[in-house]
There are 2 protein chains.
Amino acid sequence: MQLSEQSDLPLYQQIYEKIRHDIEEGLYPHGSKLPSIRGLAAELACSRNTIDAAYSQLVQEGYVESRPGSGYVVLDIRSDAALLQLQEREAAAALLGEPRRPRYNFTYGNLEAGTFPATVWRAITDDILLSVESGTCNTYTDPLGEEALRAEIAWRLSTQCDVDCTPGQVIIQPGTQVSIQNLLALFDARTDVVAMENPGYIGAREAFDRSGFRVVPCRVDVSYDEFFADLERSQAKLVYVTPSSQFPTCKTMPIKMRSKLIAWADANDAYILEDDYCRDFRYKERPQPPLQSMDHCDRVIYMDTFSKSLSPALRMNYLVLPPALLEKWRTLFANAYTSVPWLSQAVLTRFMSQGHWDRQLRRVQAKNKRKYETLTASLHTYLGDRVSVLENGTGLHLLVQVHDERTQQELIEAARAADVLVYGTEKYWMGSRPLTTRMLLVGFSSIAEEDIEPGVKALAKAWFGE
Amino acid sequence: MQLSEQSDLPLYQQIYEKIRHDIEEGLYPHGSKLPSIRGLAAELACSRNTIDAAYSQLVQEGYVESRPGSGYVVLDIRSDAALLQLQEREAAAALLGEPRRPRYNFTYGNLEAGTFPATVWRAITDDILLSVESGTCNTYTDPLGEEALRAEIAWRLSTQCDVDCTPGQVIIQPGTQVSIQNLLALFDARTDVVAMENPGYIGAREAFDRSGFRVVPCRVDVSYDEFFADLERSQAKLVYVTPSSQFPTCKTMPIKMRSKLIAWADANDAYILEDDYCRDFRYKERPQPPLQSMDHCDRVIYMDTFSKSLSPALRMNYLVLPPALLEKWRTLFANAYTSVPWLSQAVLTRFMSQGHWDRQLRRVQAKNKRKYETLTASLHTYLGDRVSVLENGTGLHLLVQVHDERTQQELIEAARAADVLVYGTEKYWMGSRPLTTRMLLVGFSSIAEEDIEPGVKALAKAWFGE
């Protein structure tokens, strides 16, 4: 195999191309085995990871499969199995709403390539798995999460975020939805109603639904007066809110409304679930203090995630419970285990205690700020007053409403035809959808900084032909 | 610092002892900093992991604390903070039912030190975090679990365990309890009743309770006739069973009862949740085929875990859903994310595809078989006919009933006074407890092989004074 260091293609891609070519030409017949990763790496004097990357791509594209004990075996590329595998993969991708690599993807939620600090994570994982601590992998661990991690979190919450808590109140969880499911065990679906913002985060709403709770929508899209009118009527025992950056409208709950909400909870023997997923992303002004910090009657359950600043694939978030609920939790989960791997927790603990976390957060904050500024400026330049932009100097997306009669779906499809992905917002509304549902979600956490301006330009061309 | 290679103490222990001594003597005053791990490792010409282990122990015992950005800071060992920290830790340990390192701990569930393949796990994690794949850490991943992992699992289930399934039916989950909670979203707590074995796994029962389902106990401790009588009366839509090794009685469900159970489900439009946690541990005869393999009417939900053979701290198990429920699951969880970290899944996938998993399983099976044999032989030798032993050549524990009038608690305390831990079984019973609740649980998955015989000898002495 001839590899060129001068090629534009990375090494693994060259290896992949060569082997694929050989398979297609019949040099590796159906059922034959590829050279071992170790062997080929030695032969080509490159790293095993390079070979591994090439082989992974071949597997992904259905040319070979990895069989336990046999290594990589070449598939019949015209066989039913190979075709079926490809089709299943494409069907699965379609089902996930993941079109194949569009040029400009203004998706929400995912992070930009390179955000996850793989090198540091690897070094810390190495250290831990080499040390005596790794023995912990043989045991069930603290059901509420590793004590040292809860201490790192509580320390930052208390000193940096005005959230008043002890490590004992922090519960490590495997994501927002499981957190909500677990929290609902403290309530009773037969008698307790849940209220939430409308529009609001569909992941939360579906978690309430799955647990059999009746969910009352409270309008936030016009003003907070309507929100409170709906909330008062709801007789809810739990209300889910996103005060630092309401999802998806990006509104910030005013300080007066925050006091009012806490007073409501206190008067109604209810609890507030404050999802502060966007705490760290404010680009214009300092954040408002969280509800939790204003709560003197232990009515706020605080929730935050590591998905927006470290990794959505890490599946880690946490709850901070007021003391009365913590007692109830300990009783109800007396024989339960944690759902978060010890190793993830141990690595994150050291990542925080060694200062990497603070650097990571600053880096992601700075990057998102630049992207936010580029996106708002580009929308102004290229779309001008043919659209309204709803944003608030916060969050990881903004909303765009086009001033003409086209439907949301027509706009999404026109953009997609030009290789630009923007997203609908209908699913965030419960009940009858007002006009505002015609707003489109344009996210900036995943797209590369340098793609934002050309992406908006392409969008303008797709929508307005210029 | 003088370290000795001839010492009986490991290096890290020597370092720990020296620093602790210095702190106690006031050489490191309150608020001073320990040398950096890197610096001390260089000075002593040992690895950073050694220093890290020593420092971890100092942290654990409340002598120092790790402060972000400041390193390891010496605490005032007589201060309230240090005392409180120690007390909290001890209180937490007590709450978890974890007394400090008893000499002979016949606990259930945890694995023996050294079971987790830390070295291989580390090497694979390294490879993955060095490769292009690590970019996946920036995205939300397949909500049902990584396709390659589901394929590895389905392949083994189909070819080795008689479980008939495709990768599409396998759902990766973060543990039995969350699996049950999620599964219950497919049922309705207002109308659907759940049945389960009595006695049975308390973790399952509490998960049903937390989701607000009424649970009907079905007696398995005498004969399966009573189980079916209770089940018929229950009108349940879901029944939880552990047919390969009933927990905690270790009974195997006879083949005739298996057919009967499936027929019951089919006739009643109900589902069976088959928790096959003990499939891999049979020491006398070949396993019965799982219920799932006999099910021709898509009534069985199959569940298995990696906790008993790889790591309880990994927090990974899986469900295999029949097609109709899979459709429903996809709808209900349309906007949900997976709760299992991508990295754990990616490492486990390669661990399986490279053949490590099969070796790991054989190793743990062989070890547990030897331990089972030693334990049953030792019980026979030292306790003889003063006790009855309930076991079935399966599982990771057995039950011991003492032939006298002492209560379970008296027996547990007598053993504990002799530094031997055995466990009660009362909590596994629902409703009124029959005589059989006086059986004690003696586990062998965690205790070292060579501790079993002396442990049983100590138990005999504690109970019968010889």
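Residues numbered from 1 in each chain as written. Chains lettered and ligands numbered in written order. Predicted model: local features only at pLDDT ≥ 70, side-chain atom pairs only at ≥ 80, totals over all residues. Heavy atoms only, no water.

Any chance you could explain helix α3 (residues 48-60) of chain A here in plain terms?
Because an α-helix packs 3.6 residues into every turn, residues spaced three or four apart end up facing the same way. Under the 1.5 Å per step criterion, the end-to-end length of α3 of chain A is 18 Å for 13 residues, consistent within 8% with the ideal 18 Å. Those residues of α3 of chain A hidden inside the fold are in contact with α1 (11-24), α2 (37-44), β1 (64-67) and β2 (71-74) of chain A together with α5 (118-130) and α13 (342-353) of chain B. Where α3 of chain A begins, one side-chain oxygen reaches toward the backbone nitrogen of N49 of chain A, 3.1 Å away; that side chain belongs to S47 of chain A. Following α3 of chain A by one or two positions, G62 of chain A adopts a phi angle in the positive range, close to 80 degrees. (Helix = DSSP H or I, 4+ residues; strand = E, 2+ residues; numbered from the N terminus. Expected span 1.5 Å × (residues − 1). Contact = heavy atoms within 4.5 Å. Polar contact = N/O pair within 3.5 Å; in protein donor to acceptor, adjacent residues only side chain to side chain.)

Any chance you could explain the pairing of strand β9 (residues 300-305) of chain A here in plain terms?
For a regular strand, the rule is simple: side chains alternate between the two faces of the sheet. Residue and element names in this part refer to chain A. Taking burial as the measure, the six residues of β9 include six buried ones, the bulk of the element. In β9, alternate side chains face the same way, and those of V300, Y302 and D304 on one face and I301, M303 and T305 on the other are all buried. Of the pairings in the sheet, the one linking β9 to strand β10 (residues 317-320) comprises four bridges and is antiparallel in character. Note on β10: the bridge partner recorded for D304 is Y318. (Buried < 20%, exposed > 50% of the residue type's maximum accessible area, 1.4 Å probe, protein only. Pairing = 2+ DSSP bridges.)

Can you walk me through the nonpolar core in this structure?
Note on soluble globular proteins: their nonpolar side chains tend to be buried together. Membership of the largest hydrophobic core comes to 71 residues, with the highest contact counts inside it found for F106, F208 and W463 of chain A. No other element matches helix α16 (residues 449-464) of chain A, which puts seven residues into this core. When near neighbours in sequence (up to four residues on either side) are disregarded, F106 of chain A contacts L375, V420, L421, V422, Y423, L441, V442, G443, I447, I452, G455 and V456 of chain A. Grouped together as the second largest cluster of nonpolar side chains are 68 residues, L149 and V340 of chain A together with V170 and W342 of chain B included. (Core = buried A, V, L, I, M, F, W, Y, C linked by side-chain atoms within 4.5 Å.)

Looking at this structure, I do not really get the sheet that holds strand β5 (residues 194-198) of chain A. What am I missing?
Strands belonging to one sheet form pairs held by backbone hydrogen bonds; the direction of such a pair is parallel or antiparallel. Residue and element names in this part refer to chain A. Taken together, the seven strands give an open sheet; going across it, the order is β4-β10-β9-β8-β7-β5-β6, and neighbouring strands pair in mixed fashion. If you trace the sheet from one side to the other, it starts and ends with β4 (170-173) and β6 (215-219), each paired once. For this sheet the average axis-to-axis angle between neighbouring strands, irrespective of direction, equals 25 degrees. As paired elements, β5 and strand β7 (residues 238-241) share three bridges and run parallel to each other. In the strand pairing of β7, V194 is matched with L238. Contacting β5, β6 and β7, helix α9 (residues 224-234) runs over the sheet at an angle of about 155 degrees to β6. (Axes fitted to C-alpha atoms, helices over the stretch in contact; angles between N-to-C directions.)

Would you mind going over the interface of chain B and chain A with me for this structure?
The accessible area lost on association of the parts is a frequent measure of interface size. Listed per partner, the contact involves 80 residues of chain B and 80 residues of chain A. Counting each side, the surface lost to burial between chain B and chain A is near 6400 Å², with a carbon and sulfur contribution of 51%. Together, N138, Y140 and R210 of chain B form the three largest contributors to the area buried by chain B at its contact with chain A, with a combined 12%. Along the contact surface separating chain B from chain A lie four salt bridges. One salt bridge connects R350 of chain B with D52 of chain A, and the closest N-O pair in it is separated by 2.7 Å. Between the two partners, chain B and chain A, sit 32 residue pairs in polar contact (both at pLDDT 80 or more). Per-element tally for the side of chain B that touches chain A: the top contributor is α5 of chain B, with eight residues. (Buried area = accessible area lost by both parts, 1.4 Å probe. Salt bridge = Lys/Arg side-chain N within 4 Å of Asp/Glu carboxyl O.)

Explanation requested: the packing of helix α5 (residues 118-130) of chain A against α5 of chain B in the structure shown.
Any two packed helices are characterised by the angle at which their axes cross and by the distance between the axes. The N-to-C vectors of α5 of chain A and α5 of chain B enclose an angle of 175 degrees; their axes lie 10 Å apart at closest approach. Classified by the angle their axes make, α5 of chain A and α5 of chain B are roughly antiparallel. Of α5 of chain B, the residues touching α5 of chain A (which contributes A118, W121, R122, T125, D126, L129 and L130 of chain A) are A118, W121, R122, T125, D126, L129 and L130 of chain B. Residue composition of the contact of α5 of chain A with α5 of chain B, by class: eight nonpolar, two polar and four charged. (Parallel < 35°, antiparallel > 145°, perpendicular 65-115°, else oblique. Nonpolar A, V, L, I, M, F, W, Y, C, P; charged D, E, K, R; others polar.)

What exactly am I supposed to notice about the sheet that holds strand β11 (residues 387-390) of chain B here?
Residue and element names in this part refer to chain B. Across the sheet, three strands lie side by side as β11-β12-β14; this open sheet has antiparallel pairing. Of all strands in the sheet, those bounded by a partner on one side alone are β11 and β14 (440-443). Pairs of neighbouring strands in the sheet enclose a mean axial angle of 30 degrees, with direction left out of account. Here strand β12 (residues 397-402) pairs with β14 via four bridges, running antiparallel. Looking at β14, one finds that L398 is bridged to V442.

Hey, could you run me through the pairing of strand β8 (residues 271-275) of chain B in this one?
All names here are of chain B. Counting buried positions along β8 gives five out of five residues, so the element sits mostly inside the fold. Burial along β8 is two-sided: Y271, L273 and D275 and I272 and E274, pointing in opposite directions, are all buried. Two strands pair when backbone bridges link them, and strand β7 (residues 238-241) and β8 are joined in this way by four bridges, in the parallel orientation. Paired with V241 across the two strands is E274, which belongs to β8. In terms of handedness, the path from β7 via helix α10 (residues 255-267) over to β8 forms a crossover that is right-handed. (Right-handed = clockwise from strand over helix to strand, strands pointing away.)

Got a minute to help me understand unusual backbone geometry in this structure?
It is generally the case that most residues other than glycine have a negative phi and that most peptide bonds are trans. In this structure, the amide linkage connecting F247 of chain A to the following residue, P248 of chain A, adopts the cis form with an omega of 5 degrees. Phi at A45 of chain B is positive, roughly 50 degrees, even though this residue is not glycine. Looking at the element boundaries, A45 of chain B is found in the loop between α2 (37-44) and α3 (48-60). Relative accessible area serves as the criterion here: at 71%, A45 of chain B is assigned to the exposed category. Despite not being glycine, Q235 of chain B shows a phi value in the positive range, around 55 degrees. Mapped onto the fold, Q235 of chain B is located in the loop between α9 (224-234) and β7.

Would you mind showing me how to read the environment of E24 of chain B here?
Residue and element names in this part refer to chain B. Tracing the backbone shows E24 in helix α1 (residues 11-24). E24 sits in the partly exposed class, given a relative accessible area of 41%. For the pair formed by E24 and Q401, sequence separation is 377 residues and the distance between their alpha carbons is 48 Å.

Is there a simple way to explain the relation of the copies chain B and chain A in this structure?
Overlaying chain B with chain A gives an RMSD of 0.1 Å, the required rotation being 180 degrees about an axis along which the chain moves by 0.0 Å. The symmetry that links the two subunits is that of a two-fold axis. Identified as the residue of chain B closest to the rotation axis by C-alpha distance is S211 of chain B, at 3.4 Å. Here 99% of the contact residues of chain B are again contact residues in chain A; the copies associate through an equivalent surface. (Least-squares fit on C-alpha atoms with pLDDT ≥ 70 in both.)

Just to check I follow, could you spell out the environment of P322 of chain B for this structure?
Residue and element names in this part refer to chain B. Structurally, the position occupied by P322 is in the loop between β10 (317-320) and α12 (323-332). Overall, the relative accessible area of 4% leaves P322 in the buried class. With 23 residues separating them in the primary sequence, P322 and R299 have C-alpha atoms 6.9 Å apart. In contact with P322, other than residues within four places in its own chain, are Q169, Y271, D298, V300 and I301.

Would you mind showing me how to read the confidence of the model for chain A here?
Do not read the predicted coordinates in detail wherever pLDDT is low. Looking at chain A, pLDDT values average 90 and 94% of them are 70 or higher. Across the interface, the model reports ipTM at 0.80; the global pTM reads 0.80. (pLDDT = per-residue confidence, 0-100.)

Is there a simple way to think about helix α15 (residues 408-417) of chain B in this case?
Residue and element names in this part refer to chain B. Listed in full, the buried residues belonging to α15 are Q408, L411, I412 and A415. Along α15, the residues classed as buried sweep out an arc of 100 degrees about the axis, all on the same side. Elements in contact with the buried residues of α15: β12, β13 (420-421), β14 and α16 (449-464). Following α15 by one or two positions, D419 adopts a phi angle in the positive range, close to 65 degrees. (Arc of directions from axis to C-beta.)

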